[in-house]
Every structure is written in C-alpha cells, then in structure tokens.
Amino acid sequence: DAGVIQSPRHEVTEMGQEVTLRCKPISGHNSLFWYRQTMMRGLELLIYFNNNVPIDDSGMPEDRFSAKMPNASFSTLKIQPSEPRDSAVYFCASSLGGSVEKLFFGSGTQLSVL
Amino acid sequence: GESVGLHLPTLSVQEGDNSIINCAYSNSASDYFIWYKQESGKGPQFIIDIRSNMDKRQGQRVTVLLNKTVKHLSLQIAATQPGDSAVYFCAERTNAGKSTFGDGTTLTVKP
C-alpha cells in the first residue's frame, strides 16, 4: 500500500522565493496534518484538516504560510516569501480520524532557504 | 556563539538488553497517547498507543505504561536490537484530532 506521499523530497531556494510543498494522504484517511521539524523546536504542528476543512491553524507561524486541501487526496503548504529561518523538514501526516488518531507520516520535505 | 536547541535525552543500551524510554506529559485532560519511532531521514512511525482508561498495553517486543497520577508514560523495548536505534517520541492528544509531540529521546544500541 502506498503511504503518505510528499514532494519534493528536497528543496533548495533563495530567500524571497515562493515554495510549495505537496502531500497526498493515504486513501480513505479523513484527517491531514502538516508538521515542521527543527533542531531548535522539535516537531511542531502547523495546521490540520478534517474532511478537507482546516480545523486548527494556530501553529502556522505567520501570514507567509498558507495551506490548502482542495480535495481528499491532495494538500499543499505554501511559503511566500520564504526566509532562511523557514529551513526545516516539513512533514505531512494523515489519519483515519475520529477515535483512530495514530498518524501516518510521509518522508518529509527537507527545505533549505539560502 | 553558543549553540541553542533541544537537548534530547539519550539512552545507550547493549544489544539484547531491555530499554525503557520515559516521557512526561503536561495535560491531565489528555486521553490518548502514542509512541513514535523516527529513524534518520524518515518520518515518525507509529509504534504503539494507549488510551487513558488503560495503564498498560503490550505489543510485539514493546510495552507502554501509563501513570496518570504523575502524568508519566514509558516505552519498554524487550531484547533491544541495533534496528531499534532511533529517536523516540511520545505524543498526547489534548484536543480532538490534535497530537502534541514531546522532544524525543535518542536510543543508541551498541552491538
């Protein structure tokens, strides 16, 4: 079975550029989560969706970050404009939702903003 | 300059020994807890979960213990193997659908 698929695997960009990270959750999963992982702050929840609707975006650092989930099989996390402090590994995860809360993570996108 | 960042607890064990990884959680209202394993270059992977109405749950070579009185969670790994070397995270569900992760513990298994 295909797990959560993220692309790109690595992204190197220059400060000020727009960055778009993509995620395909596991088919049938109702909840989707975006996390950011850094040495400084560990794993931080940025936003999560339930049935394609954003439920909690309190972890989104600032207005430069936005996330969408246009359908049940696709989500994007966009950073515009990007800054060096955005450099991190960004993970997408999905779950069945409801009382089944265990998360299935993708392999992550390693983002480097120069 | 001084390096600032998370200082992850570390645990080093001999292959074949049992490992115990501890986690303190913060919210007494948390009702669901999960342990994840993260290997280098990969996303966290589910190991085992436990609900707050239980105090122990066993899986294959792993056991999770929950002490709600002191808000403490532990993961026990029996007969630790080199493939168990990873960072281990506990996560608590504090609101419906939202999991908060701890800082993680690095487990190193010496052959």
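Residues numbered from 1 in each chain as written. Chains lettered and ligands numbered in written order. Predicted model: local features only at pLDDT ≥ 70, side-chain atom pairs only at ≥ 80, totals over all residues. Heavy atoms only, no water.

Draft legend 1. Broad picture of the overall build of chain A. For chain A, the helix and strand inventory stands at zero helices and eleven strands. Reading chain A from its N end, one meets helices and strands in the order β-β-β-β-β-β-β-β-β-β-β. Oriented by its inertia axes, the alpha-carbon framework of chain A measures out at about 40 × 30 × 25 Å. Summed over its atoms, the accessible surface of chain A is roughly 5,500 Å², and 50% of this surface lies on carbon and sulfur atoms. (Helix = DSSP H or I, 4+ residues; strand = E, 2+ residues; numbered from the N terminus. Areas by Shrake-Rupley, 256 points an atom, 1.4 Å probe, with all protein chains shown as cover.)

Draft legend 2. Layout of the sheet that holds strand E2 (residues 19–24) of chain B. Residues and elements named next belong to chain B. Here four strands make up an open sheet; going across it, the order is E2-E7-E6-E5 and the pairing antiparallel. Where the open sheet ends on each side, the last strands, each with one partner, are E2 and strand E5 (56–58). Recorded for the sheet is a direction-independent mean angle of 15° between the axes of neighbouring strands. With six bridges connecting them, E2 and strand E7 (residues 72–77) associate as antiparallel partners. Its bridge partner lying in E7, Asn22 is registered against Ser74. (Pairing = 2+ DSSP bridges. Axes fitted to C-alpha atoms, helices over the stretch in contact; angles between N-to-C directions.)

Draft legend 3. Structural detail: the state of the cysteines. All names here are of chain A. In total, this model carries two disulfides over all chains according to the counting rule given. Covalently, Cys23 is tied to Cys92 through a disulfide, its sulfur atoms 1.9 Å apart. Its S-S torsion of approximately -65° makes the covalent link between Cys23 and Cys92 left-handed. Here Cys92 lies in strand E9 (residues 88–95) and Cys23 lies in strand E3 (residues 19–24), a separation of 69 residues in the sequence. When its relative accessible area of 0% is taken as the criterion, Cys92 is described as buried. (Disulfide = S-S within 2.5 Å. Buried < 20%, exposed > 50% of the residue type's maximum accessible area, 1.4 Å probe, protein only.)

Draft legend 4. View of the packing of aromatic side chains. Summed over the entire model, instances satisfying the criterion amount to eleven aromatic pairs over all chains. Ring centres 5.3 Å apart and planes at 85° place the aromatic pair Tyr35 of chain A and Phe101 of chain B in the edge-to-face group. Of the two residues, Tyr35 of chain A is situated in strand E4 (residues 31–38) and Phe101 of chain B in strand E9 (residues 98–101); the pairing between them involves two chains. By relative accessible area, Phe101 of chain B is classed as buried at 10%. (Phe/Tyr/Trp six-rings, centres within 6.5 Å; stacked < 30°, edge-to-face > 60°.)

Draft legend 5. Representation of the side chain of Thr76 of chain A in the model. As for its placement among the helices and strands, Thr76 of chain A is situated in strand E8 (residues 74–79). Residues within four places of Thr76 of chain A in sequence aside, it is in contact with Thr20, Leu21, Arg22, Trp34, Ser66, Ala67 and Lys68 of chain A. (Contact = heavy atoms within 4.5 Å.)

Draft legend 6. Inspection of the nonpolar core at higher detail. Core analysis: the biggest nonpolar cluster contains 21 residues, and Trp34, Leu77 and Tyr90 of chain A have the highest contact counts within it. Residues in contact with Leu77 of chain A, not counting those within four places in the same chain, are Val19, Thr20, Leu21, Trp34, Leu46, Met60, Ser66, Ala67 and Tyr90 of chain A. (Core = buried A, V, L, I, M, F, W, Y, C linked by side-chain atoms within 4.5 Å.)

Draft legend 7. The arrangement of the interface of chain B and chain A in detail. Facing the 20 residues of chain B at the interface are 23 residues of chain A. Regarding the contact of chain B and chain A, the summed buried area is about 1,700 Å², with carbon and sulfur atoms giving 54% of it. At the boundary of chain B and chain A, one finds zero salt bridges. Inspection of the chain B/chain A interface yields three residue pairs in polar contact (both at pLDDT 80 or more). Mapped by element, the contributors of at least two residues to the side of chain B that touches chain A are strand E3 (32–38), strand E4 (45–51), strand E8 (86–95) and E9 of chain B. Residue contributions to the side of chain B that touches chain A peak at four residues, all from E3 of chain B. Along the lines of polarity and charge, the residues of the side of chain B that touches chain A split into ten nonpolar, six polar and four charged. (Buried area = accessible area lost by both parts, 1.4 Å probe. Salt bridge = Lys/Arg side-chain N within 4 Å of Asp/Glu carboxyl O. Polar contact = N/O pair within 3.5 Å; in protein donor to acceptor, adjacent residues only side chain to side chain. Nonpolar A, V, L, I, M, F, W, Y, C, P; charged D, E, K, R; others polar.)

Draft legend 8. Structural context of the sheet that holds E8 of chain A. Residues and elements named next belong to chain A. Here four strands make up an open sheet; going across it, the order is E1-E3-E8-E7 and the pairing antiparallel. One side of each edge strand has no neighbouring strand; the edge strands of this open sheet are strand E1 (5–7) and strand E7 (65–71). Ignoring which end each strand starts from, the neighbouring axes of this sheet average 15° apart. The pairing of E1 with E3 spans three bridges and is antiparallel.

Draft legend 9. Structural detail: the side chain of Arg36 of chain A. Residues and elements named next belong to chain A. Tracing the backbone shows Arg36 in strand E4. With a relative accessible area of 10%, Arg36 lands in the buried category. Setting aside its immediate chain neighbours within four residues, Arg36 contacts Gly42, Leu43, Glu44, Leu46, Pro61, Phe65, Asp86, Ala88, Val89 and Tyr90.

The values are spatial; any link to function lies outside them.
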